[in-house]
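Listed here are the chains, written in short residue letters.
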Amino acid sequence: MAHIRSTKSEVEKLFFTLRLNVLTPDQVRQTIEKVKVFRQKRAGSQQVGSNPKPGDVYQSFVSEKMQSGEWKLKTKQETQTCMNLFLEIIGDKPVAYTHSDLLHFRECLLKLPPAFQKNPQIRCWTIKEILEKPWQKTLSLSRVNRILNGIISFFTWSVKHQIIKESPCLGIRFSKGRVQKSEKPRNPFLPEELRVLLAQPEFVDPGEVARHPERMWVPLIALHSGMRLNEVCQLYADDLRQIDGVMVFDVRVGRPDQSLKTESSTRQVPVHPDLLRVGFENYLAKVKSEGHERLFPMFRKGIDGYGHSVRNWFMKLMKRIVISRCFHELRHSFAFYLKQAGVDESNISELLGHSRMSVTSRYTHQMTNQRKLEILSLLKFPIEGTT
């Protein structure tokens, strides 16, 4: 900018000299060329200042989100992945993207195969190479929406900071109704599938349970409490508490390394009597006697919390026993079989810590732990344990 101001001063002197009519024809031509150079530099400067590229301003966007506490590290990394994908498909041009650019980006997303960034066979391919292939399975609408959310948040921030006048993302997400219609519903484990699952060595062989106690207890706790994977894996030993004569899992953010999906996820869930019957108190006592603070000290925290190793093992287990299920369907099974037992949906939502419970319900419909225990006791799954 200082160089441009200096050039401007020189051009003003040249115009003054021209008006005095003291230049030769060659000097006039030289003067005109200098004026052209000045105008090009000034135009370029104004374009960079008023219309920067995403790469120029993205770090400011990220820094603000992180410093405000609005984002966690996981959100930062996920959004960076979304932006990298956007720039690879559309290009790192000035931020003034059009609605057509965003529609084109969305159409490209719909052509990408699931887990394309993790698949060892294609993760080294360029996006262009991946898009050229006709894939039988492609990203779900909910996955496309999650990627679009990262891009929308960047352009919304850009409007807020007057980098652009309006966002090109208006109406770019798929509607909730369309997403729900397109999604394959998650079904509960069938009774026969549960019998096969719970008869595996990880649940009944004393030696296997001793080597990998987490492989027995994490799925059993999830199935009998409806807790999410990370809610189980991040538990500390003192999150098991006696309250009003009932032993409960105190699901909370009690330490810096703990997190919950929503505020309504904070809750207390009684320990199912069948967990106690097959030796959970013995496992808890062993963890404490060995001086461990965490209920599952073998886990290490990753970007998704503490549950990645169990999730990976569970996927391999499902392939081994030829059952097409994921870990989260244990939570669906908990809800499904309670509903089958005649439990009111509001009670099930409270046990699950669902965010869709109304504010009124949270204040007027809070069950006692004794009542929760009575409801949980309606669940009867075929577990034998090792004791």
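Refer to the structure above for everything that follows.
How each quantity is defined
Residues numbered from 1 in each chain as written. Predicted model: local features only at pLDDT ≥ 70, side-chain atom pairs only at ≥ 80, totals over all residues. Heavy atoms only, no water. Helix = DSSP H or I, 4+ residues; strand = E, 2+ residues; numbered from the N terminus. Areas by Shrake-Rupley, 256 points an atom, 1.4 Å probe, with all protein chains shown as cover. Buried < 20%, exposed > 50% of the residue type's maximum accessible area, 1.4 Å probe, protein only. Contact = heavy atoms within 4.5 Å. Pairing = 2+ DSSP bridges. Axes fitted to C-alpha atoms, helices over the stretch in contact; angles between N-to-C directions. Expected span 1.5 Å × (residues − 1).

1. Some thoughts on the overall build of the chain
Alright, step 1. When helices and strands are tallied, the chain shows 20 helices and 3 strands.
Alright, step 2. Carbon and sulfur atoms form 52% of the exposed surface of the chain, whose accessible area is close to 22,300 Å².

2. Examining the side chain of Q200
Alright, step 1. For Q200, the position within the fold is in the loop between α9 (191–198) and α10 (201–204).
Alright, step 2. A relative accessible area of 14% places Q200 in the buried class.
Alright, step 3. Once you skip the residues sitting within four places of it in the chain, Q200 turns out to touch L317, R320 and I321.

3. Points about the sheet that holds strand β2 (residues 246–251)
Alright, step 1. The 3 strands are arranged β1-β2-β3 in an open sheet whose pairing can be described as antiparallel. Each end of this open sheet is capped by a strand with a single partner; those strands are β1 (240–243) and β3 (267–270). Strand-to-strand twist across the sheet, computed as the mean angle between neighbouring axes with direction ignored, equals 45°.
Alright, step 2. Looking at chain direction, β1 and β2 are connected through 4 bridges and run antiparallel. The residue of β2 that forms the bridge with R241 is V248.
Alright, step 3. Across the sheet, helix α20 (residues 369–376) is in contact with β1, β2 and β3; its angle to β3 comes to roughly 50°.

4. Brief notes about helix α12 (residues 213–225)
Alright, step 1. Taking 1.5 Å as the rise per residue, α12 with 13 residues should run 18 Å; its terminal C-alpha atoms sit 18 Å apart, in good agreement.
Alright, step 2. Burial runs high along α12: 12 of the 13 residues are buried.
Alright, step 3. Taken residue by residue, α12 has P213, E214, M216, W217, V218, P219, L220, I221, A222, L223, H224 and S225 as its buried positions.
Alright, step 4. Looking at the residues trailing α12, positive phi occurs at G226, about 75°.

5. Digging into the pairing of β2
Alright, step 1. Taking burial as the measure, the 6 residues of β2 include 6 buried ones, the bulk of the element.
Alright, step 2. Across the two faces of β2 the burial is the same, with V246, V248 and D250 and M247, F249 and V251 all buried.
Alright, step 3. A loop of 2 residues connects β1 with β2, the two strands running antiparallel in sequence, and D244 in this loop sits at a positive phi of about 55°.
Alright, step 4. As defined by bridge partners, β2 adjoins β3 across 4 bridges and the pair is classed as antiparallel. Counted as the bridge partner of V251 is R267 from β3.

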